[in-house]
Amino acid sequence: MQKIKINLGPKTYDIEIEAGILEKVGSKIKSFISAEKVAIITDTNVDSIYGEILENSLKKENYIVERIVFPAGEQSKNLQVLEKIYARLSDFGLTRSDLIITLGGGVTGDLGGFAAASFLRGVDFIQVPTSLLAQIDSSVGGKVAVDLPSGKNLVGHFYQPKAVYIDPELLRTLPEKYLHDGFAEAIKYSCIRDLDLFKKFEKMDTDDDIINSAEEIIFRCCSIKGKIVENDELDKGERMVLNFGHTIGHAVEKYYGFDKYTHGEGVGIGMIRMTDTTERLNITEKGTTERIEKLLKKFNLPTSVQMDSSEIHKIIKMDKKKSGSKITIIVLKKIGQGELIKIDFKDIGQYII
Ligand code: GLY
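Residues numbered from 1 in each chain as written. Predicted model: local features only at pLDDT ≥ 70, side-chain atom pairs only at ≥ 80, totals over all residues. Heavy atoms only, no water.

Moving on, we get to the pattern of salt bridges. Here the structure, examined in full by the defined rule, presents 35 salt bridges. Across the pair Lys3 and Asp14 runs a salt bridge whose closest N-O atoms are separated by 3.9 Å. Of this pair, Lys3 sits in strand S1 (residues 2-6) while Asp14 sits in strand S2 (residues 13-17), and the two are 11 residues apart along the sequence. Among the residues examined, Asp14 registers a relative accessible area of 19% and is labelled buried. Residue Lys77 is joined to Asp110 by a salt bridge in which the shortest nitrogen-to-oxygen separation is 2.8 Å. Taken together, the residues Lys77 in the loop between strand S4 (64-70) and helix H3 (79-92) and Asp110 in helix H4 (residues 106-118) connect sequence positions 33 residues apart. In terms of burial, Lys77 and Asp110 fall into one category: buried. Three or more residues are tied together by salt bridges with common partners; here these are Glu74, Lys77, Asp110, Asp147, Lys152 and Glu253. (Salt bridge = Lys/Arg side-chain N within 4 Å of Asp/Glu carboxyl O. Helix = DSSP H or I, 4+ residues; strand = E, 2+ residues; numbered from the N terminus. Buried < 20%, exposed > 50% of the residue type's maximum accessible area, 1.4 Å probe, protein only.)

Here we come to the packing of aromatic side chains. The description of two aromatic rings rests on the distance between their centres and on the angle between their planes. Throughout the structure, instances matching the rule amount to six aromatic pairs. On the basis of an interplanar angle of 15 degrees and a centroid distance of 5.8 Å, the ring pair of Phe125 and Tyr159 is categorised as stacked. Here Tyr159 lies in the loop between strand S8 (151-158) and strand S9 (163-166) and Phe125 lies in strand S6 (residues 124-129), a separation of 34 residues in the sequence. Neither Phe125 nor Tyr159 differs from the other in exposure class; each is buried. Aromatic ring contacts, followed pair by pair, group Phe183, Phe201 and Phe299 into a single cluster. For the cation-ring pair, Lys30 lies above Tyr63, with the distance from its terminal atom to the ring centre recorded as 4.6 Å. Over the aromatic face of Phe92 sits the side chain of Lys37, whose NZ or CZ is 5.1 Å from the ring centroid. (Phe/Tyr/Trp six-rings, centres within 6.5 Å; stacked < 30°, edge-to-face > 60°. Lys NZ or Arg CZ within 6 Å of the ring centre and 35° of its normal.)

Note: strand S11 (residues 326-334) against strand S12 (residues 337-344), eight bridges, orientation antiparallel. Across the sheet, Thr328 pairs through a bridge with Lys342, a residue of S12. Between the end of S11 and the start of S12, which pair antiparallel, lie two residues, with Gly336 showing a positive phi angle near 100 degrees. (Pairing = 2+ DSSP bridges.)

Let us look at the packing of helix H6 (residues 176-193) against helix H9 (residues 214-231). Where H6 contacts H9, the two axes come as close as 10 Å, and the packing angle between them is 55 degrees. Here H9 runs oblique to H6, going by the angle between their axes. Along this stretch, H6 crosses H9, giving a crossing that reads as left-handed. Contacts between H6 and H9 involve Phe183, Ala186, Tyr189 and Arg193 from the former and Ile217, Cys221, Ile224, Lys225 and Ile228 from the latter. Class assignment for the residues of the contact of H6 with H9 results in seven nonpolar, no polar and two charged. (Axes fitted to C-alpha atoms, helices over the stretch in contact; angles between N-to-C directions. Parallel < 35°, antiparallel > 145°, perpendicular 65-115°, else oblique. Left-handed = near helix turned anticlockwise from the far one by under 90°. Contact = heavy atoms within 4.5 Å. Nonpolar A, V, L, I, M, F, W, Y, C, P; charged D, E, K, R; others polar.)

In short, geometric facts, not functional conclusions.
Right, dumping it as structure tokens:
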């Protein structure tokens, strides 16, 4: 079992990582959650495998439980599905002293977390992430949101959970594509802050290697993210380093309609395209791109895409990461050392080629 404290003053919470923790969620929360009712928000895929296990663990501790299940997929992360969730929470009679638990991947954490942040002006919630991407990234740090037709995550909040319970065993049922999706994000963490973890990844060859080291990978990535969030909860400075590979990656995802490339695949492509350029500009240590590319390829992750840089610039121009005429880009000095560079948007063509 591994525990990480995220120190955010009155919003401080623990992340607990333990095989089998899903069955213990009820007993874990009993000591500090005085709710009578608990609404579990989850999607159809996750509910069919894990919904009942979580519900039983809560009922054993005498909570009154309701499972609210929405159709799996990013297309559910919208205001229409959110409205249906609000209606279900009202019908269940959830009050401000009750609890919401999100059980699922990034979509569930974002959508269910935003429901928790906004229903009755805020209800306590707990994240139980089930995908590798959610376990190492989206369940930690309090970003919750829904998409608008004009873009992803455009309506949201910073709303910290009361706890995050991570069960690495759940990764055994995760489809290979999504294991790799999360692994690309883990590679990103190692690139920006943890050379030693990157070297460990270089020694891995198979999906079993990832699963067998999952507890350590999750612990190290969450520790990195936790420290960054403690310094910059509201994403105004250091937290932006987590977006290494994301500016280009997001443009790639969007250009291909969000269904050709997963988030992690986009990030992998973004890390390579950015680092290839910054290496030529002598910002990044020579040989860095080759090492990252070799690692991504070993796990069947794409490293390039046929997309003209002008198309990437067009999408980045509308990105919410842009601030006035400036944009912050994230580059590597070397593996383990990511840095922010603030540039005029008009100079973007020098960095994203
Ligand atoms: N996923 C990036 C962040 O939470 O800031």
